[in-house]
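Letter by letter, the chains look like this.
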Amino acid sequence: MYEIREMLPDDRPAVVALWRARVRWAEDKGIGLIRYCPLTAAETAAAVPFVLTCDGAVVATATFVDQTPHDGWTAREAAQRAVGLVRIITDPALAADRLSWVITSWASDRAARTGHAWVRMRVAPSQLALHLSEHLAWEPVRTVRTADGGTAHLLQHEAREIPGIRALVQDAPAMSGVAGTPPPVRNT
């Protein structure tokens, strides 16, 4: 069984190693540059980084925000109840385990159970957007220009309850910061 929980300070080395392995994998496959470590996305006050563990080992990470993330969404879309999935990074050595599907399904189920209509994401590599659409049922919404002149693909996944995912993924106690629970107050 997998467990998903908020990232702890002790998880940082494992998350950075996971990200580096994914960057090497993406470069080898010609998928495109993964620009930012998942910890970069988690540095905003509204973002909460999570780790997916199996037998205590970090096998994936994702960062969530309790709103539609980023520019490019219409005012109507931004007004809809949505949780943002800023980043998914999985261990490339465990591709057969379909960890992106596990996280997508968990996020969809959790969002639906807390009254959200959508899980939304923005990705840069076109190959990644195509993979998310074809293999994980993410709906392409539009492609937008980024501030640095590049492009980003806006995707959304309908929030829906998936009772079976709760048999596969256990929420750690005291989850906060995603899909209906305010993030913890951070001392700065």
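To be clear, the structure that these remarks concern was listed above.
Engineer: I'm lost on the overall build of the protein chain in this one. Help?
Structural biologist: Of regular secondary structure, the protein chain possesses 6 helices and 8 strands. Burial status across the protein chain gives 48% buried among its 188 residues. In the protein chain, the proportion of contacts linking residues at least 24 apart, taken out of those at least 6 apart, comes to 69%. As displayed, the protein chain has an accessible area near 9600 Å², and 53% of this comes from carbon and sulfur atoms.

Engineer: Would you take a moment to explain the pairing of strand β4 (residues 82-90) for this structure?
Structural biologist: A regular strand places its side chains so that they alternate between the two faces of the sheet. With 9 of its 9 residues buried, β4 lies for the most part within the structure. Note: β4 against strand β5 (residues 118-123), 3 bridges, orientation parallel. Its bridge partner lying in β5, V83 is registered against V119. Handedness of the crossover joining β4 and β5 through helix α4 (residues 99-113) is recorded here as right-handed.

Engineer: When you look at helix α1 (residues 12-29) in this model, what are you seeing that I'm missing?
Structural biologist: An α-helical turn contains 3.6 residues, so a residue and the one three or four places further along point in the same direction. Spanning 18 residues, α1 covers 26 Å between terminal C-alpha atoms, matching the ideal 26 Å at 1.5 Å per step. For α1, the complete set of buried residues consists of V15, V16, L18, W19, A21, R22, V23 and A26. Two residues or fewer after α1 comes G30, characterised by a positive phi angle close to 70°.

Engineer: Would you explain the sheet that holds strand β3 (residues 57-65) in this entry?
Structural biologist: Pairing between the strands of a sheet is mediated by backbone hydrogen bonds and can be parallel or antiparallel. Ordered in space as β6-β7-β5-β4-β3-β2-β1-β8, the 8 strands form an open sheet in which the pairing is mixed. Two strands lie at the open edges of the sheet, namely β6 (139-145) and β8 (169-171), each paired on one side alone. Between one strand axis and the next, the sheet turns by 30° as a mean value, whatever way the strands run. Note: β6 against strand β7 (residues 151-158), 6 bridges, orientation antiparallel. Bridge pairing in β7 places R142 opposite L154. On top of the sheet, helix α5 (residues 126-136) reaches β5, β6 and β7; it is set at about 15° to β7, its chief contact.

Engineer: Looking at this model, I keep getting lost on the nonpolar core. Mind explaining?
Structural biologist: As a rule of thumb, soluble globular proteins bury nonpolar side chains together. In this structure, L52, F64, L85, W106, W138 and V169 are the most contacted members of the largest nonpolar core, which totals 31 residues. Those elements giving two or more residues to this core turn out to be β1 (2-6), β2 (47-54), β3, β4, α4, β5 and α5. Examining the composition of this core, we find that 7 residues originate from one element, α4, more than from any other. Counting residues in hydrophobic clusters, the runner-up holds 8 residues, among them V15, L18, W19 and V23.

Engineer: What should I look at first to understand the packing of aromatic side chains in this one?
Structural biologist: Centre distance and the angle of the planes are the two values used to describe a pair of aromatic rings. For the structure shown, the criterion picks out 3 aromatic pairs. With a centroid separation of 5.3 Å and an interplanar angle of 85°, the aromatic rings of F50 and F64 are classed as edge-to-face. Placement of F50 in strand β2 and of F64 in strand β3 is noted, with a sequence separation of 14 residues between them. An angle of 50° between the planes, with centres 5.8 Å apart, marks the rings of F50 and W106 as tilted. Of this pair, F50 sits in strand β2 while W106 sits in helix α4, placing them 56 residues apart in sequence.

Engineer: Before we go on, may I ask you to explain the pairing of β5 in this structure?
Structural biologist: Across the 6 residues of β5, 5 count as buried, placing the element largely inside the fold. In terms of strand pairing, β5 meets β7 through 6 bridges, oriented antiparallel. Across the sheet, the residue bridging to M121 is L155, located in β7.

Engineer: I keep staring at α5 and nothing clicks. Help me out?
Structural biologist: Listed as buried for α5 are A129, L132 and L136. One side of α5 holds all its buried residues, which, seen down the axis, span an arc of 90°. As for α5, its buried residues are in contact with α4, β5 and β7. Residue A137 follows α5 closely and has a positive phi angle near 65°.

Rules used in this analysis
Residues numbered from 1 in each chain as written. Predicted model: local features only at pLDDT ≥ 70, side-chain atom pairs only at ≥ 80, totals over all residues. Heavy atoms only, no water. Helix = DSSP H or I, 4+ residues; strand = E, 2+ residues; numbered from the N terminus. Buried < 20%, exposed > 50% of the residue type's maximum accessible area, 1.4 Å probe, protein only. Contact = heavy atoms within 4.5 Å. Areas by Shrake-Rupley, 256 points an atom, 1.4 Å probe, with all protein chains shown as cover. Pairing = 2+ DSSP bridges. Right-handed = clockwise from strand over helix to strand, strands pointing away. Expected span 1.5 Å × (residues − 1). Axes fitted to C-alpha atoms, helices over the stretch in contact; angles between N-to-C directions. Core = buried A, V, L, I, M, F, W, Y, C linked by side-chain atoms within 4.5 Å. Phe/Tyr/Trp six-rings, centres within 6.5 Å; stacked < 30°, edge-to-face > 60°. Arc of directions from axis to C-beta.

Purely geometric stuff here, so don't read any function into it on its own.
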